Amino acid sequence: MKEELLDNLGGEDVSFLIDTPSDRLHELKQMFSMTEAASEAERRCDAHISEIIQGFLSRNAINTNISLRLLAEKFRNSRIPEAGTAFDSYLNYLDSNVVFHSTNTSLPRFIGHMSPALPFFVRPLGKLMMALNQNLVKVETAKAASPFERQVLAMIHRLVYDLPDAFYDQHIQNREQTLGIVTSGGTLANVTALWCARNFALGPKNDFAGIENEGLPAALRFFGYSNAVIIGSHLMHYSFEKAAGVLGIGTRGVIRVPVDHKNRIVISRLKETITECRAQKKLIIALVGIAGSTETGSVDFLEEMAAIAKENNIHFHVDAAWGGPVLFSRKYRSKLTGIERADSVTIDGHKQMYLPMGIGMVLLRDPQLAGVIEKQAQYILRAGSMDLGRRALEGSRPGMSLFVHAALTILGREGYERLIDDSIRKTSYMAKAICAQPEFELLAEPEMNILVYRFIPPNLRVKTHHGKLTSADNESINETNQKLQRFQRQLGNSFVSRTALTSTVYGHEIPIVALRVVVANPLTTNADIDAVLSEQLDLANRIC
Ligand SMILES: *Cc1c(COP(=O)(O)O)cnc(C)c1O
């Protein structure tokens with residue numbers, strides 16, 4: 001056969017045309033195949049990985065105590081290996097160098113950050129998602145996943161806006177518009193929302209083709225603005241600075257209004273700020289309300305803000321990346337009243353929905369809004385198609401919304417409600433425990449399940465009690481708390497984070513260093529909370 005072919009081609013070397021792979025190529029091709037042997041190899045690796053996962057998740061220390069400097073030394077080789085390595089031996093390498101030194105954020109005494117413990121089912125589902133490898137940028141690579149994701153967006157839209165059935169019937173699969181956009185996280189959800197808001201405010205008019213086509217300078221000139229800004233409170237997440245950078249208004253275009261003692265935006269100051277911006281001919285792209293601030297869990301006066309936004313014809317965005325899931329709770333959802341009047345809302349899946357990293361969502365009250373960011377491309381994003389990439393900042397993107405759908409279905413609204421209620425109950429337990437001990441000072445009444453407090457050294461307790469601390473006192477307390485947090489982190493038995501607040505009763509003289517606790521792990525018990533606090537007392541005694 002080969003000889004014949006060569007004859008016909010006049011003796012030229014055409015071996016490259018012939019499909020008889022070398023042994024190595026054959027071996028490589030096996031990696032992509034689903035033969036009996038390949039499946040057997042995969043099952044073996046699965047078992048090995050399960051073992052590694054079990055080992056990691058059942059470890060009791062949050063970190064190993066290797067220094068970051070030494071750890072970084074392990075990763076200094078930048079040469080690409082010439083020959084390949086067997087998967088099993090690669091897994092051994094990973095286990096001892098990466099997995100072993102990873103941070104176990106799922107421990108009940110890791111109560112410092114928003115990275116959640118995960119329910120078991122996300123791990124096997126992760127494997128399913130990887131195996132399907134759908135690309136949500138276009139329907140040609142995500143036939144079922146595209147309408148499936150639209151369904152997920154409608155479910156979360158209903159959680160936020162709770163509009164009539166007829167609304168959802170009409171819009172859920174209407175490919176000419178969208179109820180929201182799935183992103184890789186809250187940051188991109190916020191950026192996307194503000195991109196929509198900017199383009200809506202500076203859209204096409206008469207012979208002006210709109211900002212998306214003509215750019216910011218032309219748009220400002222056409223509409224007669226000196227500049228454009230985003231307004232929110234001091235506690236706005238830093239992703240709004242990123243948004244301001246990307247949208248071309250510059251980070252100085254992020255205006256941060258002061259907050260009150262409960263860390264909520266001061267409405268009178270907000271009104272003044274709006275008036276000033278108007279007088280200076282600055283376009284207000286959006287007013288941002290926070291539903292669960294990253295630092296303190298506080299919630300802005302959303303209803304008042306919605307009314308002010310409406311009155312002034314400004315886009316109202318609510319950042320509920322953290323706090324959104326409180327809407328599952330009948331008991332506590334009223335804390336977020338007013339969110340249903342927002343033009344756009346950010347919610348993260350990878351925080352209080354207990355899902356893996358990489359899931360953010362922005363929900364849009366008006367399903368037409370995303371039209372202002374819509375793109376087309378001949379080979380991929382066709383007008384009139386269900387291609388989800390038409391209205392997204394990201395291009396190729398995995399079908400992470402599968403996890404949202406699974407969790408909503410497996411836990412149900414009621415399941416989430418119980419988890420949220422339980423977190424809030426435990427937070428209030430911790431707040432009481434802090435108030436009951438003169439060694440500690442609670443820095444703000446918790447709104448949800450984030451707590452800020454600090455340790456007070458013995459010689460300053462009486463002064464603290466009588467509200468007589470000076471700035472110098474506060475500076476020394478700051479130092480102690482910084483050390484305390486660092487030592488506790490290094491010990492690795494428990495973890496709380498640290499922030500600096502300007503909104504405490506101490507006014508705005510100097511930022512107050514706060515220990516920050518996020519109570520969201522379902523497995524954290526009252527006893528864990530007691531243990532974290534008593535470890536702090538123990539460490540503090542050694543520092544002071
Ligand atoms: C976490 C958070 C963000 C950013 O979300 P990422 O998913 O980390 O990008 C934005 N806003 C708030 C209030 C957050 O808590």
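To be clear, the structure that these remarks concern was listed above.
Residues numbered from 1 in each chain as written. Predicted model: local features only at pLDDT ≥ 70, side-chain atom pairs only at ≥ 80, totals over all residues. Heavy atoms only, no water.

Student: What should I look at first to understand the overall build of the protein in this one?
Tutor: Within the protein, the regular secondary structure consists of 18 helices and 11 strands. Out of the 544 residues belonging to the protein, those deemed buried represent 49%. For the protein, restricting intrachain contacts to residue pairs at least 6 apart in sequence, the fraction spanning at least 24 positions comes to 69%. Approximately 27,000 Å² of the protein is accessible, and the part contributed by carbon and sulfur atoms is 54%. Each charge class in the protein can be summarised by its mean position, and for the 59 positive and 59 negative side chains these summaries are 6 Å apart. (Helix = DSSP H or I, 4+ residues; strand = E, 2+ residues; numbered from the N terminus. Buried < 20%, exposed > 50% of the residue type's maximum accessible area, 1.4 Å probe, protein only. Contact = heavy atoms within 4.5 Å. Areas by Shrake-Rupley, 256 points an atom, 1.4 Å probe, with all protein chains shown as cover. Lys, Arg positive; Asp, Glu negative; His and termini not counted. Charge placed at Lys NZ, Arg CZ, Asp CG, Glu CD.)

Student: What exactly am I supposed to notice about the sheet that holds strand 5 (residues 315–319) here?
Tutor: Reading across from one edge, 1-7-6-5-4-2-3 is the order of the 7 strands in this open sheet, with mixed pairing throughout. Every interior strand has two partners, whereas the edge strands, strand 1 (180–183) and strand 3 (254–257), have only one. Put simply, the sheet's adjacent strands are angled 20° from each other on average, direction ignored. Direction of pairing for strand 4 (residues 282–290) relative to strand 5: parallel, over a ladder of 5 bridges. Bridge pairing in strand 5 places Ile 290 opposite Asp 319. Each of strand 2 (227–233), strand 3, strand 4 and strand 5 is contacted by helix 12 (residues 239–246), which is oriented at about 150° to strand 3, the strand it contacts most. (Pairing = 2+ DSSP bridges. Axes fitted to C-alpha atoms, helices over the stretch in contact; angles between N-to-C directions.)

Student: Please explain the side chain of Ser 344 as it appears in this structure.
Tutor: With respect to the secondary-structure elements, Ser 344 resides in strand 6 (residues 344–348). Under the relative-accessibility criterion, Ser 344 is labelled buried at 0%. Of the polar contacts made by the side chain of Ser 344, one reaches the side chain of His 317; its length is 2.7 Å. Once residues within four sequence positions are removed from consideration, Ser 344 is found in contact with Tyr 161, Ala 193, His 315, Phe 316, His 317, Val 318, Val 362, Leu 363 and Leu 364. (Polar contact = N/O pair within 3.5 Å; in protein donor to acceptor, adjacent residues only side chain to side chain.)

Student: Explanation requested: helix 14 (residues 302–311) in the structure shown.
Tutor: Each turn of an α-helix holds 3.6 residues, which means side chains three or four residues apart point in the same direction. Taken as a whole, helix 14 has its buried residues at Leu 302, Met 305, Ala 306, Ile 308 and Ala 309. In an axial view of helix 14, the angular spread of the buried residues amounts to 165°, which keeps them on one side of the axis. Exposed residues pointing more than 90 degrees away from the buried face of helix 14 are listed as Lys 310 and Glu 311. Next to the buried residues of helix 14 lie helix 13 (267–279), strand 4 and strand 5. (Arc of directions from axis to C-beta.)

Student: Help me out: how do you make sense of a nonpolar patch on the surface in this one?
Tutor: A contiguous nonpolar patch, built from Ile 49, Ile 53, Leu 57, Phe 75, Phe 87, Tyr 90, Tyr 93 and Val 98 and spanning about 650 Å² of accessible area, is present on the exposed surface. Elements supplying a minimum of two residues to the nonpolar patch: helix 3 (36–57) and helix 5 (87–99). Tallying contributions element by element places helix 5 first for the nonpolar patch, with 4 residues. Accessibility expressed as a relative area gives 39% for Tyr 90, which makes it partly exposed. (Patch = residues over 30% accessible without salt bridge, like charges linked within 9 Å, V, L, I, M, F, W, Y side chains within 5 Å. Salt bridge = Lys/Arg side-chain N within 4 Å of Asp/Glu carboxyl O.)

Student: Hey, could you run me through the packing of aromatic side chains in this one?
Tutor: Ring pairs (aromatic) are described by centroid distance and by the angle formed between their planes. Across all of its chains, the model carries 10 aromatic pairs by this definition. For the pair Phe 167 and Tyr 168, a centre-to-centre distance of 5.1 Å together with 85° between the ring planes defines the contact as edge-to-face. Each member of the pair, Phe 167 as well as Tyr 168, is classed as buried. Between Phe 328 and Tyr 416, the ring centres sit 4.6 Å apart and the planes meet at 15°, which makes this aromatic pair stacked. Of this pair, Phe 328 sits in the loop between strand 5 and strand 6 while Tyr 416 sits in helix 15 (residues 401–435); the two residues are 88 residues apart in sequence, bridging distant segments of the chain. With respect to class, Phe 328 is no different from Tyr 416; both count as buried. An aromatic cluster of three or more residues is present, and its members are Phe 208, Phe 222 and Phe 223. (Phe/Tyr/Trp six-rings, centres within 6.5 Å; stacked < 30°, edge-to-face > 60°.)

Student: What exactly am I supposed to notice about the site of the ligand here?
Tutor: Within the structure, the ligand sits among 15 residues, and Thr 187, Asp 319, Asp 348, His 350 and Lys 351 are positioned closest to it. Contacts to the ligand include Asp 319, whose side-chain N or O atom sits 2.6 Å from a nitrogen atom. Here His 350 contributes a side-chain N or O atom positioned 2.7 Å from an oxygen atom of the ligand. Among the elements that line the shell around the ligand, the one with the most residues is helix 9 (residues 186–201), at 3 residues. Class assignment of the residues belonging to the shell around the ligand gives a composition of 3 nonpolar, 9 polar and 3 charged. (Near = heavy atom within 4 Å. Nonpolar A, V, L, I, M, F, W, Y, C, P; charged D, E, K, R; others polar.)

Student: Just to check I follow, could you spell out the packing of helix 3 against helix 5 for this structure?
Tutor: To characterise two packed helices, one gives the angle between the axes of the helices and the distance between these axes. At a closest axis distance of 11 Å, the pairing of helix 3 and helix 5 adopts a crossing angle of 10°. Relative to helix 5, the element helix 3 lies roughly parallel. In this structure, helix 3 contributes Arg 44, Cys 45, His 48, Ile 49, Ile 52 and Phe 56 to the contact, and helix 5 contributes Phe 87, Asp 88, Leu 91, Asn 92, Asp 95 and Val 99. Tallied by class, the residues present in the contact of helix 3 with helix 5 amount to 7 nonpolar, 2 polar and 3 charged. (Parallel < 35°, antiparallel > 145°, perpendicular 65-115°, else oblique.)

Student: What is the right way to look at the sheet that holds strand 10 (residues 497–501) in this model?
Tutor: Note on sheets: strands pair through backbone hydrogen bonds, and any given pair is parallel or antiparallel. Taken together, the 4 strands give an open sheet; going across it, the order is 8-9-11-10, and neighbouring strands pair in antiparallel fashion. Only two strands of the sheet have a single partner each, and these edge strands are strand 8 (440–442) and strand 10. Sheet twist, expressed as the average angle between the axes of neighbouring strands with direction ignored, equals 40°. With 5 bridges joining them, strand 10 and strand 11 (residues 512–518) adopt antiparallel strand pairing. Residue pairing across strands places Arg 498 opposite Leu 515, the latter belonging to strand 11. Against the sheet, helix 15 makes contact with strand 8, strand 9 (450–455) and strand 11, and its axis sits at roughly 15° relative to strand 9, the strand it touches most. Strands strand 8, strand 9 and strand 11 of the sheet are contacted by helix 18 (residues 526–543), whose axis makes an angle of about 25° with strand 9.

Read these as geometric descriptors, not functional statements.
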